[in-house]
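# An overview of the molecular structure
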Amino acid sequence: MRREHMIENIRGNQHRCPGESYTISDSVCKGRQRVSYPKCNVCLNKVEPASQSQSDVEPKLSMGIFKSYDIRGKYPAEIDDLTARKIGFSIAQFFRQENSNVKNIVVGRDMRSSSKSLANALVEGICTAGLNVINVGVVSTEMTYFAVGYYKYDGSVMVTASHNPAEYNGFKICREQAIPVSFETGIDRIAKLTKQYHPPRGEQLGKVILGDIFQDYKKHVLRFAKNLRHLRIVVDAGNGMAGKIIPLVCEGLPIEIIPLYFDLDGNFPNHDPNPLKPENLLDLQNKVRETRASLGVSFDGDADRCVFVDEMGRAIGCDIITALIAKQMLEKEKGSAILYDLRSSWIVPEETKAAGGVPYRERVGHAYMRATLREKKAIFGGELSGHYYFKDNYYSDSGMIAFFMVLEILSAKRVPFSNIIAPLKRYYSTGEINFEVDDKDAKIKEIEKEFSNGKIDYLDGITVQYDTWWFNVRKSNTEPFLRLNVEGKTKEIMEKGKRLLMNIIGGK
């Protein structure tokens with residue numbers, strides 16, 4: 001990607017449209033604004049209505065949009081274009097406070113109907129604060145991580161609401177080296193800066209630099225899968241970003257892709273963009289059986305997570321995939337660390353140790369997983385939510401790399417996928433069960449008292465372990481739920497534990 005070929009200066013003079021070399025008269029400028037000329041959205045000199053004071057026209061900022069791992073809310077009720085512009089300015093201020101030499105911030109967006117206008121407003125805010133924006137266009141979230149790491153930019157913002165329904169949108173933020181920004185490491189400060197926002201005056205404006213990163217990204221991803229054979233794979237993109245990325249990356253490979261819902265549509269007309277919901281896998285499972293495919297995979301809306309089904313259409317737990325990929329990676333790097341979230345099956349640490357690795361257990365959430373992956377120099381990590389993390393992917397998660405690693409494993413084994421994972425299905429688990437509970441802390445205290453004879457830890461919520469079963473109950477970081485996971489050495493033990501916990505938690 002040659003930067004000198006990508007520069008679009010949105011600063012210009014008062015009557016020059018972004019990307020145009022000629023000046024225009026004041027009347028032409030105003031006329032273009034009246035008809036919403038496409039470049040007006042990214043112009044820093046457009047005239048805002050001045051008939052009312054700022055306090056009269058601006059809605060009150062909803063502080064609830066600033067979450068543990070991202071900024072997210074309903075559009076336009078909680079996040080609108082004006083809020084996005086303020087947040088962009090605040091993000092730039094935050095980056096400058098962290099590093100006075102910061103210059104270039106990557107901005108990407110997904111296919112949601114509100115993402116384009118939010119991205120334009122965000123870009124305007126960042127540039128108004130004097131930083132340059134590397135606009136990589138409509139991409140998956142992981143591609144923004146790649147852009148920061150590969151081109152050594154200073155940070156990134158992805159406009160997306162990931163797996164949330166169509167009415168939501170928001171921003172995922174990273175620093176240099178694709179280090180995630182969580183509430184504790186910066187989102188709280190961005191929230192305060194946004195709340196205290198004042199319109200800037202006389203700032204040196206930044207530039208928008210258009211970046212085409214697709215070919216470099218494809219080369220990077222395919223480094224993880226070099227020995228593929230012909231396979232028939234059903235891919236459910238869920239009308240999300242995988243519908244754009246999969247055809248690009250798979251072009252020229254001996255992989256036959258059977259597409260489901262590849263049309264980009266932020267209204268998600270076929271099913272929610274959340275592959276963890278069993279009902280959202282039904283079409284994929286049926287198509288795998290119908291076409292006699294080797295495998296099926298479903299991606300979430302921004303394509304950084306994926307869930308697999310075997311050749312019989314049976315869903316595979318993401319912790320089983322974590323154990324499978326860990327074994328594969330440890331064949332080349334014995335003695336390395338492997339990270340897993342505390343909801344994962346006993347199978348992950350057991351298989352990691354058997355393959356010569358060192359397992360590390362971490363709390364739930366990509367900001368924590370990525371930080372610990374970097375700290376431990378772990379080569380790989382996985383979450384029950386379908387996030388898979390790779391040291392050689394700038395310590396970031398990638399659904400696409402996980403997809404190709406599974407294809408490489410399947411290519412090498414030359415047996416049905418169900419045969420490959422059968423030895424890893426030694427235990428029985430509930431999966432994650434959600435309970436809407438009024439007093440979550442009181443319920444956790446009650447559980448602690450009831451199971452005081454077990455081995456207890458509080459890494460994330462409460463985890464209690466016995467010789468034949470274990471469970472975790474934790475408060476959701478993103479939704480008003482208590483979340484329960486139970487695993488046992490037999491189905492009967494698991495079911496008994498599940499009943500005990502459900503009787504205590506109750507919920508709505």
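Everything below is about the structure shown above.
Predicted model only: the values in this text are computed from it and were never measured.

How each quantity is defined
- Residues numbered from 1 in each chain as written.
- Predicted model: local features only at pLDDT ≥ 70, side-chain atom pairs only at ≥ 80, totals over all residues.
- Heavy atoms only, no water.
- Axes fitted to C-alpha atoms, helices over the stretch in contact; angles between N-to-C directions.
- Helix = DSSP H or I, 4+ residues; strand = E, 2+ residues; numbered from the N terminus.
- Parallel < 35°, antiparallel > 145°, perpendicular 65-115°, else oblique.
- Contact = heavy atoms within 4.5 Å.
- Nonpolar A, V, L, I, M, F, W, Y, C, P; charged D, E, K, R; others polar.
- Pairing = 2+ DSSP bridges.
- Buried < 20%, exposed > 50% of the residue type's maximum accessible area, 1.4 Å probe, protein only.

## Quick look at the packing of helix α10 (residues 318-330) against helix α11 (residues 347-354)
- Two elements in contact, α10 and α11, have axes separated by 9 Å at closest approach and are oriented at 10°. Viewed along their axes, α10 and α11 adopt a mutual orientation that is roughly parallel. Where α10 approaches α11, its residues Asp 319, Ile 320, Thr 322, Ala 323, Ala 326, Lys 327 and Leu 330 are matched on the opposing element by Ile 347, Val 348, Glu 351 and Thr 352.
- Of the residues belonging to the contact of α10 with α11, the class tally is six nonpolar, two polar and three charged.

## Topic: the sheet that holds strand β8 (residues 231-236)
- Taken together, four strands build an open sheet; the order of strands is β9-β8-β10-β11 and the sheet is mixed. Since the sheet does not close on itself, it has two edges, and those belong to β9 (255-260) and β11 (306-309), each with one partner. Ignoring strand direction, the axes of neighbouring strands in this sheet form an average angle of 25°.
- Pairing analysis gives four bridges linking β8 to strand β10 (residues 295-299), with the strands arranged parallel. Paired with Asp 236 across the bridge in β10 is Ser 298.
- Helix-sheet contacts for helix α13 (residues 399-413) involve β8, β9, β10 and β11, and the interaxial angle to β10 is about 175°.

## Points about the environment of Val 415
- Looking at where Val 415 falls in the secondary structure, it is placed in the loop between α13 and α14 (417-421).
- Val 415 gets classed as partly exposed once you look at its relative accessible area, which sits at 33%.
- In the structure, Val 415 is positioned 121 residues away from Ser 294 in sequence and 9.5 Å away in space, judged by C-alpha atoms.
- Val 415 has contacts with Leu 410 and Ile 420, leaving out every residue within four places of it along the chain.

## A few points about the environment of Gly 170
- Tracing the backbone through its elements, the reader meets Gly 170 in strand β6 (residues 168-175).
- Through-space distance from the C-alpha of Gly 170 to that of Ile 71 is 5.2 Å; in sequence the pair is 99 residues apart.

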